[in-house]
Structure formats: C-alpha cells, structure tokens
Amino acid sequence: MFAQLFPDPFVRRLTLAGCGLMALAPVALLVAGVFFGWNLLLNTLPRGYGPVRPAGEYETMALVTRVPGVVALDNHLVDAVGSSQPSYTSAYSSIKVERLRRTVTTTAQAEALLAEYNASLIVWDGGDTVMITTREPINEVLPATIPFDPALPEATADHAAAMVYLFSRDLWAAEFAAPQEDTLTAILLRTEALRRMGRNLNEALAELTAPGLDDPAVYVMEAILLQELGAFDDALAATQQAIQLAPDSPLGYIQQGRVHIIRAEIDEALADFDTALTLDPTALDALRGRAEAYTATYDLRAALQALDAAVAVDSTDAELYLWRGRTRADLGDLEGARADFDMALDLANRSDLRAAILEARARANLQHEQYGAALDDYEALIDQVPDNEVYIARRGMVYWLQGDHDVARGIWEGGLASLDAAGLASSYNNRAWFLALEGIYEPALEYANISLSYDPVSPHTLHTRGYIYLETGRYAEAIGDFEDSLNYGIRHDPIYRDLGDAFFGLGQYADAIVFYEEYLTRTGYPPDLLTIRQRINEAQAALD
C-alpha cells in the first residue's frame, strides 16, 4: 500500500525518513524540556542548593558550608557560597580554586584562622548557630543596624550566605539568598541588598517598613534610606525614634551625626559622635564620623587625631590607613603618608583596594613633586590593571608635570590614528575631560577645541570646554558653553552645579542659587552636597 502510494523509491525513502523524524520529535522535545528545565531550576535556586554560578573574583573570602564545625576557606578565588561540598570546584571558573578545610569548635579558633590566612570573612556553622568573624569593620559589610554578632541565635546558613554575597558585592545573589520572611534580620538583609543595588530607594523603604517592626535597627536603616532620598528632616525623625527605643546604643547617634554632616551642621554631628563614644569608646563608626566631620570643614589636624583613635581601635583596617595616609599627605607629612600607604597595602585583601592605595600613594608623591616615585606607582598600577586608560593617562600626566611634554602627548594621543571623525571627536573629548579634572588646562583646552573641530555641536565637549573655562576663571565663556550644551541636549546633571559656580564667580548670586537648587533637585543626594549647601549659604549671605 505504502509502495503504491509512493512508487518513486527516492520519494518513498524521503517520506519514511520524515515520518521517523516526526515520531522522534516528541522524544526530542521531552529531552530538551528536561534539559532546559533542569538548568533553569539549578540556576534559579539559591546557592547552596544546586550548582553555583560564579560570584566574581575575590582575593580572599570564605564559603558558607552546611557541614557543622568546618570552615571552607579560599585564599584566592571564591565562586561558590553555601555549597554542601566544601571541596567543590566550579566548572565555571577558569582559575583553580584551592580549598582549605579546618575543623573549629570555638570563635577563637575561627579568629586564629582569620589571622593565619589573612581572610576577610569566615562563616562557619558551629552546630545550631552560624558564627561570623570579620577582619574588616562590620559596617563595611553591612550597616551596623543588622544584628550580626559573632554568635547570632536566629541566624541560619541562608542569612550567612546573604551576608557573604553583600560582602563580596554580589548584590543580586544577596537579595535572592536572603530568607523571604518577616524576621528582623531577613528584612534588613533584603533592604540592604536593594539599597546597594541602586534600585528604587522607595522600594527598599517599603520593604523595610511594611511589616511594621518597632525596632531601633529598623529606624536606623530607615534613616539611612531617607538620607539617601534627600529627606533629611524625616531621616532625623527616624534616628530620634531609634534613640528613644535604645538610648544606651550608639547606633542612633552615629546615624544622626551622619545626617547632620550632610546638612552642614558640624557641631551637632560632633556632639552626636561624642555621645556615641561616651556609650562605647570603641565605636569605630563614631570615630570615622568625627574624622569625616573634621575633613568636611578642612580641619585636617583634628581629622588626623580622630583617625589615630580609629586605628588604635582597629589596626587591621586597610581603609583606615589609606584615609590617614591621604590626610597626612595633605598636611605635608609625606613620609608618614607613605608609611600608612605601605601598611594599607600589607593589609589590603582586594585588588580594587590595592589599586586605590597605589593611586593615593602616587598622588601623594605628585603632591610633593616626587615624580620618579609617582611614575613607579603608576607603572605598578598599569601592571596590576593592564590597558586601564585612566592609569595610562595619569602616567602621561606625570611626564607633563615634570616637563616632558612630548612624552606626555605621545602617551595621551596613543591609539588615535585608526579612528574615524566621530571616534576622534569622542576620544579627544575624553582626553580633554581627563586633563581638565587633573588641572592640566593647556592641553585640555587644545584637545577640547580639536574635538569640536570634528563635531561642533557635541554637547559633552561643549560642557568639557565650559568646565575648563570655569576652572581658569573665564566665567562668561563658561556660561556660554554650558548653555549651548544644554540647548544641544546634554543629560548630565552636574552641568547645573557648574552653571551655579560660573554665576557665583561672576557675582550673580541669585542666578547661582537657582542653578544650585536645580542641581540638588535633580540629584537628590550628590556626593558634594555639603559643599553645595555651603555655597548656597554664601550666595544668600552675599545677597542679604
């Protein structure tokens, strides 16, 4: 029958093959469905319940393990957290991971491991309780509001995993790993993950306040979110709630002091930090707050005293030495600054932190015209982070500052020959902007003009040239370029601050205030908020 329907042998074979494929199709679909479904399941489960996706490269970090009494510690790379197999090596990693396993029964033994391997964080399960020990200040991991004491009764491995993710800046995983429950710790973990991810701060605030927990930690976290939203009066009200519920805790006073710094209320901030230190003389965040307050008012000697006190409390914090080194350099103590930078490098356990320390040391050497030492630092930075355009450009900057202008130009203009007109416009603008930020205005203006010769209506290059004019006191020309940049559609909020500075420089204080206020309205919580508020006060005083 089949042969009669399809007498041609070729057509018959082709038809039989097609029927065979149709018969196999359901099986193939089933296999594909199982394969993709299984992979989807494994890739959406929290780490610790399935194969682990890499979290990134970290020089020292710990594993959360569900094996009681065992610390699984990496000394080079961590891409697995929560694995039930402490010896697990990720197939996703191109770098060999060596696990170190030690049995511990006390916090002291965990701390000994911490010191032995120069680790940043150890998380271990001592049976019923997850134990957490950290070399860095706990506020560098999470705000001090999150109650992660060395022994936390309500902690689970999931809580600890979320904390490790936050520590390692794997924020999506932190939010995912945080238990979806309305306990205080889980809520604070989820809120902090949302905050650090840069997501809508109102979303984080809703996550925090929806359960209606009346706890000082909640109010301090609420104040942090409100501060970042620019609602400073509401933030102070939240810190007052925290202080009323826990008057003997320094946390509310510390956060209140931070809000006062942003509002340029330095005396009030110092009073809050002093109260916190009265309650706890070793409150590191209060000492940091005092240093920040004094730095904001350029009282660097008082800031140095606060940093000395902070280092006395925690002599293992690389970032404290980095901060103190910068302060000493600004005070003219290059040797003391170098000693601090060297100590910071010895303690640093992250490549990004080591880069920041090397760059700070390079800048301190530049500040004191030690060009050879600065070049050595930038060479070390380029070795650590090859092809980093910023470090390469700063190496050129050192040559320029020591008078080797031809060498500097050769470095800055490298890689331009193969670009088209659009690429040249963009690249010359990038170089002009970098040089302007570094205060090297002569070549910066030259490169900005070259960029505009390729693209005369580039809003970004017009802003760059306006900034150069602003920094060199050519305020009317700066305003012209800034206004043209706005007309051509720039979407860069700091241009409103720059317009405010230009009008301030011309003595047109009313216009300056208008643009400063526009800048604050658009940005909400900019890093230079304190400076802008002080400038507004100065402009208002000049008008009065």
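Positions within a chain are numbered from 1, following the residues in the order the chain's sequence is written. Totals for whole chains, interfaces and linings use every residue, but because this is a predicted model, local features are given only for residues with pLDDT of at least 70 and side-chain atom pairs only at 80 or more, for both listing and counting. Hydrogens and water molecules were not included; the side-chain quantities draw on all heavy atoms of the structure.

1. Description of the packing of helix 18 (residues 371–384) against helix 19 (residues 389–401)
And step 1. Axis definition: a line fit to C-alpha positions, over the contact stretch in the case of helices; interaxial angles, taken between N-to-C directions, run 0 to 180 degrees. Here a helix means four or more residues in a row that DSSP labels H or I, a strand means two or more in a row labelled E, and each is numbered from the N terminus. Between helix 18 and helix 19, the least distance of the axes is 9 Å, while the angle of their chain directions is 165°. Relative to helix 19, the element helix 18 is oriented roughly antiparallel. Here the hand of the crossing between helix 18 and helix 19 comes out left-handed. Each of Y371, A374, L375, Y378, E379, L381 and I382 in helix 18 lies in contact with helix 19, whose residues at this interface are Y391, I392, R394, R395, M397, V398, Y399 and L401.
And step 2. For this classification, the nonpolar set comprises Ala, Val, Leu, Ile, Met, Phe, Trp, Tyr, Cys and Pro, the charged set comprises Asp, Glu, Lys and Arg, and every other residue, Gly included, is treated as polar. Each residue belonging to the contact of helix 18 with helix 19 can be placed in one class, and the counts come to 12 nonpolar, no polar and 3 charged. Between 65 and 115 degrees an angle is taken as roughly perpendicular, under 35 as roughly parallel, over 145 as roughly antiparallel, and anywhere else as oblique. Each crossing gets its handedness from the near helix: less than a right angle anticlockwise from the far helix is left-handed, clockwise is right-handed. Contacts: residue pairs with any heavy atoms within 4.5 Å of one another.

2. Focus: the packing of aromatic side chains
How two aromatic rings sit relative to each other is given by the distance of their centres and the angle of their planes.
And step 1. Between the rings of Phe, Tyr and Trp (Trp by its six-membered ring), a pair exists once the centres lie within 6.5 Å; its type follows the angle of the planes, with under 30 degrees stacked, over 60 edge-to-face, and the other angles tilted. Counted by the stated rule, this structure contains 5 aromatic pairs.
And step 2. With a centroid separation of 5.6 Å and an interplanar angle of 35°, the aromatic rings of W400 and W412 are classed as tilted. Here W412 lies in helix 20 (residues 405–412) and W400 lies in helix 19, a separation of 12 residues in the sequence.
And step 3. Between buried and exposed lies partly exposed: a residue is buried under 20% and exposed over 50% of the maximum accessible area for its type, with that area taken using a 1.4 Å probe on protein chains only. Owing to a relative accessible area of 9%, W400 belongs among the buried residues under this scheme.
And step 4. Pairing Y428 with Y447 gives two aromatic rings, centres 5.6 Å apart and planes at 50°, and the pair type is tilted. Here Y428, found in helix 21 (residues 421–437), pairs with Y447, found in helix 22 (residues 441–454); they are 19 residues apart in sequence, far enough to count as distant.
And step 5. The buried category is assigned to Y447, whose relative accessible area is 0%.
And step 6. Placement of a positive charge over a ring is assigned whenever Lys NZ or Arg CZ falls within 6 Å of the ring centre and within 35 degrees of the normal to the ring plane. The lysine or arginine in question, R535, covers the ring of F504, its NZ or CZ lying 4.6 Å from the ring centre.

3. Regarding the confidence of the model for the protein
And step 1. Taken as a whole, the protein shows an average pLDDT of 74; of its residues, 65% reach a score of 70 or greater.
And step 2. One confidence number per residue, pLDDT, is output by the predictor and ranges from 0 to 100. A low-confidence stretch, residues 1–6 (pLDDT under 50), is modelled with 7 contacts involving residues beyond four sequence positions or located in other chains.
And step 3. Predicted confidence for residues 119–157 stays below pLDDT 50, and this span has 140 contacts to residues more than four positions away or in other chains.

4. Topic: the side chain of S485
And step 1. Mapped onto the secondary structure, S485 falls in helix 24 (residues 475–487).
And step 2. Pairing of N or O atoms within 3.5 Å defines a polar contact, subject to two protein rules: one partner must be a possible hydrogen donor and the other a possible acceptor, and residues neighboring in sequence count only if both atoms are side-chain atoms. Within the local environment of S485, its side chain forms a polar contact with the backbone oxygen of P459, the two atoms lying 2.7 Å apart.

5. Quick word on the nonpolar core
And step 1. In terms of nonpolar packing, the biggest core is built from 118 residues, with I357 and W412 touching the most fellow members.
And step 2. Looking at which element gives the most residues to this core, the answer is helix 9 (residues 216–228), with 9 residues. For this analysis, a nonpolar core means a set of buried residues of the types Ala, Val, Leu, Ile, Met, Phe, Trp, Tyr and Cys, connected via side-chain atoms within 4.5 Å.

6. Re unusual backbone geometry
And step 1. Even without glycine at this site, Y298 takes up a positive phi of about 60°.
And step 2. Structurally, Y298 is set in the loop between helix 13 (284–296) and helix 14 (300–313).
And step 3. We note that E369 has phi near 60°; this positive angle belongs to a residue other than glycine.

7. Comments concerning the packing of helix 13 against helix 14
And step 1. Between helix 13 and helix 14, whose axes approach to 8 Å, the crossing angle comes to 165°. With respect to each other, helix 13 and helix 14 are oriented roughly antiparallel. Handedness of the crossing formed by helix 13 with helix 14: left-handed. Counting all contacts with helix 13, which are made through L284, L287, R290, A291, Y294 and T295, the residues of helix 14 involved are A302, A303, A306, L307, A309, A310 and V313.

8. Structural notes on the environment of S458
And step 1. The residue S458 is located in the loop between helix 22 and helix 23 (459–471) in this model.
And step 2. In this structure, the C-alpha to C-alpha distance between S458 and Y488, residues 30 residues apart in sequence, is 7.4 Å.

9. Quick look at the side chain of H260
And step 1. Structurally, H260 is set in helix 11 (residues 251–262).
And step 2. Beyond its immediate stretch of four places on either side in the chain, H260 contacts L236, E265, E268, A269 and D272.

10. What to know about the pattern of salt bridges
And step 1. When a carboxyl oxygen of Asp or Glu lies within 4 Å of a side-chain nitrogen of Lys or Arg, that pair is called a salt bridge. Across all of its chains, the model carries 25 salt bridges by this definition.
And step 2. A salt bridge links D317 to R288, with the nearest nitrogen and oxygen atoms 2.4 Å apart. In this pair, D317 is assigned in the loop between helix 14 and helix 15 (318–330) and R288 in helix 13, connecting sequence segments 29 residues apart. R288 shares its class with D317; the two are buried.
And step 3. Between E438 and R363 there is a salt bridge whose closest N-O contact spans 2.7 Å. One end of the pair, E438, is in the loop between helix 21 and helix 22; the other, R363, is in helix 17 (residues 351–367), and 75 residues separate them in sequence.
And step 4. Residue E438 is classed as buried on the basis of its relative accessible area, which comes to 18%.
And step 5. Here the salt bridges share partners, and the residues they tie into one network are D308, R324, R328 and D340.

11. Some words on the environment of P211
And step 1. By secondary structure assignment, the location of P211 is in the loop between helix 8 (201–209) and helix 9.
And step 2. According to the relative accessible area criterion, P211 is partly exposed, its value standing at 30%.
And step 3. With 27 residues separating them along the chain, P211 and L184 place their C-alpha atoms 9.4 Å apart.

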